[in-house]
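Each chain, written out:
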Amino acid sequence: MALALVNGRVMTDRGLAENLAVRIEGGRIAALGPRSEVASGAEVRDLAGALLLPGFIDTQVNGGGGLLFNDAPTVQTIATIGEAHRRFGTTGFLPTLISDDLGAVRTAIQATHAAIQAGVPGVLGIHIEGPYLNVTRRGIHDASKLRRTDDSSFALLTSLGVGRTLVTLAPEATSLETIARLAKAGVVVSVGHSNAPYAAVRAALDHGLSGFTHLFNAMSPLTSREPGVVGAALEDASAWCGIIVDGVHVDPVVLKLALRLRPHERFNLITDAMPCVGSPETSFELQGKTITVRDGACFDDEGTLAGSALDMAGAVRNAVRMLGLDLADASRMASRNPAEFLGLEHELGRIARGCFADLVLLDDDLQVLETWIHGRSSAEADAAAARA
């Protein structure tokens, strides 16, 4: 049966609209318009003036619900991570594998393929972060896992077969030819954990690189004589930059400056979330290291950042409160921008006719009240899980 969401403040392509009803049929948005035109013959849900936004899309999710993707790259792990993040408005995500052995990469790809085939809610593909990284900028990544691309890398990185594959690599750990081949094959290539000079990154952009993974973190900085990876990102107006807005990874002043230099349509809010999101746990193990959560971020015993305890609703709140963005901008950075980054803008990231009904309902404090994935509400999904 069709569902009509009425009496909400709806985030459209033009900004917030009041007195706009949203009709959902077959998991997609069938119509937008006045209640009198849209609600006929449908079940009516009164949103009581709450904010209805496109569901959030997170392209960097290492874990959640107490589980880390690297520890157990299985369909069940992916489902648990997705369920944990759904309560914070995430309706689409990429389970993210931190640098590991190639056998683990292969297993993670196979698990993601199986999760998509099984219809696990919200899974859009996989993010393979490493192992093709620079050891100097490895951050929390295990140096023993890092390597250069070789003849077998292309086949591995293009083997998912469904959904989207995002690969974070350092240009100096591969070749321009490999970047170009991956991009041509449909892989989304992003630079991260790189110490490359500006010229190398600019050349990679010219060969198909289209993203910057967690801008400012684990990359060569902007200096007076060498712009580095950061300089290449700030100069370029077409690639997408992922930013972690938790007040820890990057000082808000630095992010404000970046936002003045590049189009807002080319920034994506990401979490880099760890198992602590959606879980009461305050510590976990990562490849033999104990990681502790404090002040909203994750650190090893030496003080190295190891992902975040951020969720997407928190990222949106921080973008508004720390960076001074209006809600329309923050919403776009959490939905439409990452959808475009992944090439899914015709189906996801917008409240528009024909798009999937992936939605999040927020109160005035931007706390999540409910989410829908393909028209199915989180409350409905939780009730079904309880009955199972």
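Quick note: structure is the one above.
Residues numbered from 1 in each chain as written. Predicted model: local features only at pLDDT ≥ 70, side-chain atom pairs only at ≥ 80, totals over all residues. Heavy atoms only, no water.

What follows is about the overall build of the protein chain. For the protein chain, the helix and strand inventory stands at 12 helices and 24 strands. In terms of overall dimensions, the protein chain has C-alpha extents of about 60 × 45 × 40 Å along its principal axes. Going through the 388 residues of the protein chain one by one, you find that 55% of them count as buried. Carbon and sulfur atoms provide 48% of the accessible area of the protein chain, an area that totals close to 15200 Å². If the 33 positive side-chain charges of the protein chain are averaged to one point and the 44 negative ones to another, these points end up 4 Å apart. (Helix = DSSP H or I, 4+ residues; strand = E, 2+ residues; numbered from the N terminus. Buried < 20%, exposed > 50% of the residue type's maximum accessible area, 1.4 Å probe, protein only. Areas by Shrake-Rupley, 256 points an atom, 1.4 Å probe, with all protein chains shown as cover. Lys, Arg positive; Asp, Glu negative; His and termini not counted. Charge placed at Lys NZ, Arg CZ, Asp CG, Glu CD.)

The next point concerns a negative patch on the surface. On the surface, a cluster of negative charge is made up of D71, E285, D301 and E302. Among the structural elements, D71 can be located in the loop between β10 (67-68) and α2 (75-86). (Patch = residues over 30% accessible without salt bridge, like charges linked within 9 Å, V, L, I, M, F, W, Y side chains within 5 Å. Salt bridge = Lys/Arg side-chain N within 4 Å of Asp/Glu carboxyl O.)

What follows deals with the nonpolar core. Formed by 73 residues in total, the largest nonpolar core has its most connected members in F56, F212, L215 and L269. A per-element tally of this core places helix α3 (residues 102-117) first, with six residues. In this structure F212 touches S190, V191, V201, L205, V229, A232, A233, A239, W240, C241 and G242, once residues within four positions along its chain are discounted. Of all hydrophobic cores here, the second largest spans 15 residues; its members include I24, I29, A50 and A357. (Core = buried A, V, L, I, M, F, W, Y, C linked by side-chain atoms within 4.5 Å. Contact = heavy atoms within 4.5 Å.)

This paragraph deals with the pattern of salt bridges. The tally for this structure, following the rule as stated, stands at 15 salt bridges. The closest approach of N and O atoms between R350 and D13, which form a salt bridge, is 2.4 Å. Linking R350 in the loop between α11 (336-341) and β22 (359-362) with D13 in the loop between β2 (9-12) and β3 (15-17), this pair joins segments that are 337 residues apart in sequence. Residue D13 is classed as partly exposed on the basis of its relative accessible area, which comes to 43%. Within this structure, D13, R266, R332, R336, E340 and R350 form a network of salt bridges that share partners.

With that out of the way, let us pick up the sheet that holds strand β5 (residues 28-33). Strand pairing in a sheet is mediated by backbone hydrogen bonds. Such pairs are either parallel or antiparallel. Here we have four strands laid out as an open sheet, ordered β5-β4-β1-β6, and mixed in their pairing. Looking along the sheet, the strands with just one partner apiece sit at the ends: β5 and β6 (43-46). When strand polarity is set aside, the average angle formed by the axes of neighbouring strands in this sheet is 25 degrees. (Pairing = 2+ DSSP bridges. Axes fitted to C-alpha atoms, helices over the stretch in contact; angles between N-to-C directions.)

Moving on to the environment of A319. Topologically, A319 is positioned in helix α9 (residues 312-321). Once you skip the residues sitting within four places of it in the chain, A319 turns out to touch V245, L269, G324, L325 and A330.

With that settled, consider the packing of aromatic side chains. A complete count under the given rule lists one aromatic pair for this structure. Where W240 meets F341, the ring centres are 5.8 Å apart and the plane angle is 40 degrees; that geometry is what we call tilted. Here the residue W240 occupies a position in strand β16 (residues 240-243), and F341 occupies one in helix α11, the gap between them amounting to 101 residues. W240 gets classed as buried once you look at its relative accessible area, which sits at 13%. In this arrangement the basic side chain of R181 is found over the ring face of F154, its NZ or CZ atom lying 3.8 Å from the centre. (Phe/Tyr/Trp six-rings, centres within 6.5 Å; stacked < 30°, edge-to-face > 60°. Lys NZ or Arg CZ within 6 Å of the ring centre and 35° of its normal.)

On to the pairing of β2. Pairing geometry for β2 and strand β7 (residues 51-54), over two bridges, is parallel. Its bridge partner lying in β7, R9 is registered against L51. Pairing of β2 with β3 involves three bridges; the strand directions are antiparallel. Its bridge partner being in β3, V10 is matched across the sheet by A17. In this antiparallel pair of consecutive strands, β2 and β3, the connection spans two residues.

In this structure, the amide linkage connecting G130 to the following residue, P131, adopts the cis form with an omega of 15 degrees. Here H193, not a glycine, exhibits a phi torsion of approximately 50 degrees, which is positive. With respect to the helices and strands, the residue H193 is situated in the loop between β14 (188-191) and α6 (198-206). Phi is positive for D272, close to 55 degrees, though the residue is something other than glycine. Looking at the element boundaries, D272 is found in the loop between β17 (267-269) and β18 (283-286). Overall, the relative accessible area of 8% leaves D272 in the buried class.

Buried residues dominate α9, accounting for eight of its 10 residues. Three or more residues of α9 are buried, namely M312, A313, G314, A315, V316, R317, N318 and A319. Residues of α9 that are buried sit in contact with β8 (56-61), β11 (90-98), β17, α10 (327-334) and β23 (368-373). Two or three places before A313, at the opening of α9, D311 has a side-chain oxygen 3.1 Å from that residue's backbone nitrogen. (Polar contact = N/O pair within 3.5 Å; in protein donor to acceptor, adjacent residues only side chain to side chain.)

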